[in-house]
Amino acid sequence: MSSDEFFNATTELQTIRQWARARYAAEWAVFGGVLPRVAATTGPEVQLPGVIGGRASLNLLCAFVAPSGGGKGISDKVARLAWPAPIVERPIGSGEGIAATFVPPKKEGVEPITKAIINVPEIDTLAGIASRQGSILLAQLKSAAMGEQLGQANSSEATTRIVPAHTYRLCMSVGAQPAHTGVLFNDTTGGTPQRFLWFLTTDPDMPSDVTPDPEPLNSRLPFWRPDADGVIEIGYGPPEITEMIIGAHIARQRGQEDALDGHAMLTRLKVAACLAILHHRIVVSELDWQLSGVVMEVSNRTRDWVVAESKKVARQKVRDRALARAAGDEVYDQRLLDRVRNSVTKMLDRDGEQSSSELRRRLGKRDKRDLFDQAVAELEHEGMIEQVPGKERGIRFRIVGHRDQPGHPPFPQVSDGDQLGHRDQIQASADTTHAATAEFSAEPEFSTYISRSETLNQSSALNSEESIHADETADSATSKSPLHAVADPTPPTTMTARQWIDAHVSKILDGGENTVESLEVYEAGKAAGYKLDNLRQAAKSSSLISVAARKGSVTVWNLGAGGQNTIVSAEEWLTGWLRSTGGWVKAADVYAAGLAAGYGRDTVKSASVRADVDKRGQSIATEWSVAPAVVERGA
């Protein structure tokens with residue numbers, strides 16, 4: 001039976017659909033909101049017959065699910081309009097509070113309540129209460145769904161709350177998002193989700209036509225005479241209902257039913273009874289039984305969708321945690337690799353060429369040793385270290401440009417074993433020169449730079465008599481004081497790296513050479529006191545340098561104004577390669593392709609910053625793509 005056939009089956013169901021369309025609510029959610037209101041209109045004396053065991057209660061629990069803002073509040077309001085019976089509605093409290101709803105404090109003038117609907121607009125409220133230590137909320141809800149005894153006996157009569165079985169009518173309406181229904185589904189073995197009817201508060205077929213409000217349903221029920229026990233028993237018209245009840249019970253006893261369907265038969269009987277009462281009948285007809293089957297199918301589909309969505313969210317959380325861990329691991333590995341690279345270069349720079357086995361051993365910890373091969377491969381590719389040629393046994397490395405003998409550090413050792421730094425060596429040499437230099441009279445034009453040593457020598461050469469005559473001119477004082485020529489350790493740099501590069505290249509051109517290896521220029525620049533990174537940037541911006549070729553880690557430059565690069569720059573290669581892929585590419589794949597094309601990881605990373613490259617994702621999930629503007633201009 002389709003939804004259209006269901007809502008067209010009776011006048012009452014047509015009215016429920018008309019209310020849903022008039023107020024733009026989901027028709028199944030409005031129907032689900034009417035059901036507990038119909039049940040709560042009846043007293044606790046209206047019960048299902050005891051085919052298996054004793055009689056059963058009509059207490060009904062309904063869950064309304066949808067994404068946030070899906071319309072649970074709307075369907076509740078429309079259900080009140082469709083079935084306008086006066087019903088007591090209460091918010092959720094503790095497990096003990098459920099019993100207190102029907103057994104109020106013993107005060108004069110407070111009437112006890114026998115019928116109520118508990119509204120829970122947000123299931124997170126239910127979850128918060130149920131998660132409290134010692135909470136009996138879920139246990140009380142399961143008892144209430146069966147009409148069993150509620151409450152607890154305390155030592156004080158004032159705090160004792162006991163509600164006898166079948167003396168109350170309690171229905172519950174819960175609004176939930178699929179990912180937040182764990183409070184119910186975590187108790188599947190306890191039977192909590194099986195006791196609920198499930199309805200979606202969204203409707204993909206909702207019409208946009210303006211529909212007037214229909215007349216409300218007749219919520220005034222006829223008077224039904226109770227039997228000798230004071231019970232109004234719902235009758236089952238078709239005999240197949242009793243047969244199905246017995247068959248379902250035997251299947252459960254034999255363990256042949258799914259855990260989530262353990263209470264399916266009882267829930268269907270409640271729906272059939274409420275449909276009969278909706279139509280002002282006390283006997284379940286064959287049509288009521290058929291319609292109840294359709295309602296159960298809708299409920300089961302909705303419940304299965306909730307389970308699937310909950311699992312999807314759970315899997316996403318697992319993936320997110322895995323990606324977070326992987327991202328953290330990658331950051332840790334990259335930092336560790338950087339430390340290994342730094343350790344290798346420092347050992348080679350400080351102690352001269354060494355064998356790979358010795359370098360690996362000196363790294364110490366195993367996690368660093370495991371990254372040794374990757375570190376030296378990257379350093380070789382970037383031209384920072386090189387293998388020592390002509391060695392027959394093992395592999396030895398050295399800093400590019402160093403020609404130190406094995407086992408001999410590049411710096412001299414002092415008697416106590418401490419190494420002298422480069423500046424210390426120069427200063428020691430200057431002091432030696434100072435002791436052996438003859439005195440001479442300094443003229444102002446001799447040097448525009450007077451070192452600290454010269455100033456001290458001037459001060460010490462002035463005698464007491466000259467000090468007394470402080471009003472003499474500076475020239476007079478200078479002519480009387482002996483000055484010594486002292487080599488200054490590091491004269492102040494007067495040129496930028498770019499200016500130095502251009503000047504150095506001009507000298508090479510003046511010597512008749514128009515090509516040079518970049519390494520030679522960089523070594524000369526470092527000897528002049530410039531940092532390698534500054535020299536590289538200056539070379540890139542110099543109009544006198546163009547790239548002619550690459551030989552392994554060495555770049556050959558053409559010198560002279562107006563030269564053109566004859567090889568592809570890292571930026572040009574990167575944008576061209578990304579454009580050829582035609583989409584988003586993982587950063588790891590870009591690095592691998594760059595390495596194969598002769599561009600190191602750091603080079604590719606720097607090129608991605610200078611070029612217009614779009615990036616998305618984080619860490620190992622990062623993807624790159626050429627920005628649209630780059631494609632348009634053909635970069």
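Calculation notes
- Residues numbered from 1 in each chain as written.
- Predicted model: local features only at pLDDT ≥ 70, side-chain atom pairs only at ≥ 80, totals over all residues.
- Heavy atoms only, no water.
- Helix = DSSP H or I, 4+ residues; strand = E, 2+ residues; numbered from the N terminus.
- Buried < 20%, exposed > 50% of the residue type's maximum accessible area, 1.4 Å probe, protein only.
- Contact = heavy atoms within 4.5 Å.
- Areas by Shrake-Rupley, 256 points an atom, 1.4 Å probe, with all protein chains shown as cover.
- Axes fitted to C-alpha atoms, helices over the stretch in contact; angles between N-to-C directions.
- Left-handed = near helix turned anticlockwise from the far one by under 90°.
- Nonpolar A, V, L, I, M, F, W, Y, C, P; charged D, E, K, R; others polar.
- Pairing = 2+ DSSP bridges.
- Polar contact = N/O pair within 3.5 Å; in protein donor to acceptor, adjacent residues only side chain to side chain.
- pLDDT = per-residue confidence, 0-100.
- Expected span 1.5 Å × (residues − 1).
- Arc of directions from axis to C-beta.
- Parallel < 35°, antiparallel > 145°, perpendicular 65-115°, else oblique.
- Phe/Tyr/Trp six-rings, centres within 6.5 Å; stacked < 30°, edge-to-face > 60°.

## Digging into the overall build of the protein
Scanning the protein from N- to C-terminus turns up 25 helices and 21 strands. Classification of the 635 residues of the protein by burial places 39% in the buried group. By sequence separation, contacts in the protein at least 24 residues apart represent 70% of the contacts at least 6 residues apart. Roughly 34,200 Å² of accessible area belongs to the protein as shown, and the carbon and sulfur atoms make up 51% of that amount.

## A closer look at the environment of L559
Note on placement: L559 falls in strand β18 (residues 554-559). In sequence terms L559 and V505 are 54 residues apart; their C-alpha atoms lie 7.0 Å from each other. When sequence neighbours within four positions are dropped, the list of residues in contact with L559 reads V505, I508, L509, E513, N514, T515, V516, L544 and I545.

## With respect to the packing of helix α23 (residues 587-596) against helix α24 (residues 601-610)
It is the contact of α23 with α24, at a shortest axis distance of 9 Å, that shows an interaxial angle of 120 degrees. Judged by the twist between their axes, the crossing of α23 over α24 is right-handed. Between α23 and α24, the contacting residues are V590, Y591 and G594 on the first element and R601, V604 and K605 on the second. When the residues that make up the contact of α23 with α24 are grouped by side-chain class, the tally is three nonpolar, one polar and two charged.

## A look at the sheet that holds strand β10 (residues 232-233)
Sheet architecture is open: three strands sit in the order β2-β1-β10, paired in mixed fashion. The outermost strands of the open sheet, each flanked by one partner alone, are β2 (56-57) and β10. The pairing of strand β1 (residues 46-48) with β2 spans two bridges and is classified as antiparallel. By the bridge assignment for β2, Q47 is matched with S57. Packing of helix α10 (residues 264-278) onto the sheet brings it into contact with β1 and β2, and relative to β1 it is tilted by some 140 degrees.

## Describing the environment of R498
As for its position among the elements, R498 is in helix α19 (residues 497-510). The spacing of R498 and S542 is 44 residues in sequence and 6.9 Å in space, taken between C-alpha atoms. Excluding residues that lie within four positions of it along the chain, R498 makes contacts with A538, S541, S542 and S543. At a separation of 3.0 Å, a polar atom in the side chain of R498 contacts the side chain of D502.

## Thoughts on the confidence of the model for the protein
Here the protein averages 76 in pLDDT, while 75% of its residues score no lower than 70. Between the elements of the protein, mean pLDDT differs from a low of 39, seen in helix α17 (residues 464-468), to a high of 94, seen in helix α3 (residues 27-41). Low pLDDT (under 50) marks residues 404-492, which in the prediction has 69 contacts with non-local residues, meaning those over four places away or in another chain. Counting interchain partners and residues more than four positions distant, the pLDDT-below-50 stretch residues 629-635 has nine contacts.

## A closer look at the side chain of S219
Along the chain, S219 turns up in the loop between β9 (196-200) and β10. Here S219 falls in the buried class, since its relative accessible area comes to 14%. Discounting residues that sit within four places of it in the chain, S219 has contacts with T41, W83, P84 and A85.

## Notes on the sheet that holds strand β14 (residues 385-387)
Read across the sheet, three strands follow the order β13-β15-β14 without closing on themselves; strand pairing throughout is antiparallel. Looking at the sheet topology across the chains shown, the edges are occupied by β13 (354-355) and β14. In this structure, β13 lies alongside strand β15 (residues 396-399), joined through two bridges in antiparallel fashion. Residue S355 lies in a different strand from β15, and its bridge partner there is R396. Packing against the sheet, helix α14 (residues 372-381) makes contact with β14 and β15, and its axis sits at approximately 100 degrees to β14.

## Notes on the environment of V30
As for its placement among the helices and strands, V30 is situated in helix α3. Measuring from C-alpha to C-alpha, the distance between V30 and A79 comes to 5.4 Å, with 49 residues separating the pair along the chain. Setting aside residues up to four positions removed in sequence, V30 forms contacts with I16, A20, A25, S75, V78 and A79.

## Notes on helix α22 (residues 570-581)
Helix length check: α22, at 12 residues, gives a terminal C-alpha distance of 17 Å against a target of 16 Å (1.5 Å per residue), a fit within 8%. Those residues of α22 that sit buried are A570, W573, L574, T575 and L578. Two residues or fewer past α22, G582 is found with a positive phi of approximately 75 degrees.

## Side note on helix α21 (residues 532-541)
Looking only at α21, the buried set comprises L535, A538 and A539. Viewed along the axis of α21, the buried residues span an arc of 100 degrees, placing them on a single side of the element. The exposed set on the far side of α21, more than 90 degrees from its buried face, consists of D533 and K540.

## A word on the packing of α22 against α23
α23 packs onto α22 with a crossing angle of 125 degrees between their chain directions and a minimal axis gap of 11 Å. Put simply, α22 runs oblique to α23. For α22 against α23, the interelement crossing comes out right-handed. The segment α22 lies against α23, with W573, L574, W577 and L578 engaging D589, V590, A593 and G594. The residue inventory of the contact of α22 with α23, partitioned by class, reads six nonpolar, one polar and one charged.

## Re the packing of aromatic side chains
Throughout the structure, instances matching the rule amount to 15 aromatic pairs. Between W500 and Y530, the ring centres sit 5.8 Å apart and the planes meet at 40 degrees, which makes this aromatic pair tilted. Of this pair, W500 sits in helix α19 while Y530 sits in the loop between α20 (518-527) and α21; the two residues are 30 residues apart in sequence, bridging distant segments of the chain. When its relative accessible area of 10% is taken as the criterion, W500 is described as buried. Through a chain of ring-to-ring contacts, three or more aromatic side chains come together here, namely F6, F7, W28, F31, F64 and F199.

## Some thoughts on the pairing of strand β8 (residues 169-176)
Of all eight residues making up β8, eight are buried, and the element is well covered by its neighbours. Residue alternation in β8 divides its side chains into two sets, R169, C171, S173 and G175 and L170, M172, V174 and A176, and both sets are buried. Bridging between strand β3 (residues 61-65) and β8 involves five bridges; their strand directions are parallel. Across the sheet, V65 pairs through a bridge with A176, a residue of β8. In the sheet, strand β5 (residues 115-120) pairs with β8 via six bridges, with the strands oriented parallel. Its bridge partner being in β8, I117 is matched across the sheet by C171.

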